[in-house]
Amino acid sequence: MRITGFIRTHGEVITVIIAFAAGYFSLQHEIRHEIRSLDEKFYTLLNKIHEIDKRMEIKFTQIDATREK
């Protein structure tokens, strides 16, 4: 009986707390998804930079070899 009375008198507050908690966890899930997406984009960019670095190293090696001749 006490619990029922408590829910009747504080029902709106309980509803707001539940809604807030649901929104918080939903937002947290979206943030995690965005972080994963940004993480993937970062590693893709890092790999591209690494490929460019390798190409530049090859080109400089070719230029040095040409100069030594």
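Check the entry above for the structure.
Residues numbered from 1 in each chain as written. Predicted model: local features only at pLDDT ≥ 70, side-chain atom pairs only at ≥ 80, totals over all residues. Heavy atoms only, no water.

Asker: Which parts of the structure should I look at to understand the overall build of the chain?
Answerer: Helix and strand counts for the chain stand at one helix and zero strands. Relative to the 2.2 N^0.38 estimate, which gives 11 Å for 69 residues, the radius of gyration of the chain is 29 Å and therefore markedly larger than a compact globule would have. Judged by the C-alpha coordinates and their principal axes, the chain covers about 95 × 15 × 10 Å. Out of the 69 residues in the chain, the part that is buried amounts to 1%. Here the chain has roughly 7100 Å² of accessible surface; of this, 64% comes from carbon and sulfur atoms. Distance from the positive charge centre (11 side chains) to the negative charge centre (10 side chains) of the chain: 5 Å. (Helix = DSSP H or I, 4+ residues; strand = E, 2+ residues; numbered from the N terminus. Rg over C-alpha atoms; globule rule 2.2 N^0.38 Å. Buried < 20%, exposed > 50% of the residue type's maximum accessible area, 1.4 Å probe, protein only. Areas by Shrake-Rupley, 256 points an atom, 1.4 Å probe, with all protein chains shown as cover. Lys, Arg positive; Asp, Glu negative; His and termini not counted. Charge placed at Lys NZ, Arg CZ, Asp CG, Glu CD.)

Asker: Would you take a moment to explain the pattern of salt bridges for this structure?
Answerer: A pair can form between side chains of opposite charge whenever their charged atoms are brought close. Tallying each qualifying case throughout the model produces one salt bridge. One salt bridge connects Glu51 with Arg55, and the closest N-O pair in it is separated by 3.9 Å. Taken together, the positions of Glu51 and Arg55, both in helix α1 (residues 2-68) and four residues apart, correspond to about one turn of that helix. (Salt bridge = Lys/Arg side-chain N within 4 Å of Asp/Glu carboxyl O.)

Asker: Where do I start with α1 in this structure?
Answerer: Along an α-helix, a turn takes 3.6 residues, which lines up residues three or four apart on a common side. Here α1 spans 93 Å end to end across 67 residues, near enough to the 99 Å set by a 1.5 Å rise per residue. His10 marks the point of greatest bend in α1, at about 75 degrees. (Expected span 1.5 Å × (residues − 1). Bend = angle between axes of the 7 residues up to and from the residue.)

Asker: What am I meant to see in a nonpolar patch on the surface here?
Answerer: Taken together, the side chains of Ile52, Met56, Phe60 and Ile63 present a nonpolar region at the surface, about 370 Å² in accessible area. Within the fold, Phe60 resides in helix α1. The exposure class assigned to Phe60 is partly exposed, which follows from its relative accessible area of 48%. (Patch = residues over 30% accessible without salt bridge, like charges linked within 9 Å, V, L, I, M, F, W, Y side chains within 5 Å.)

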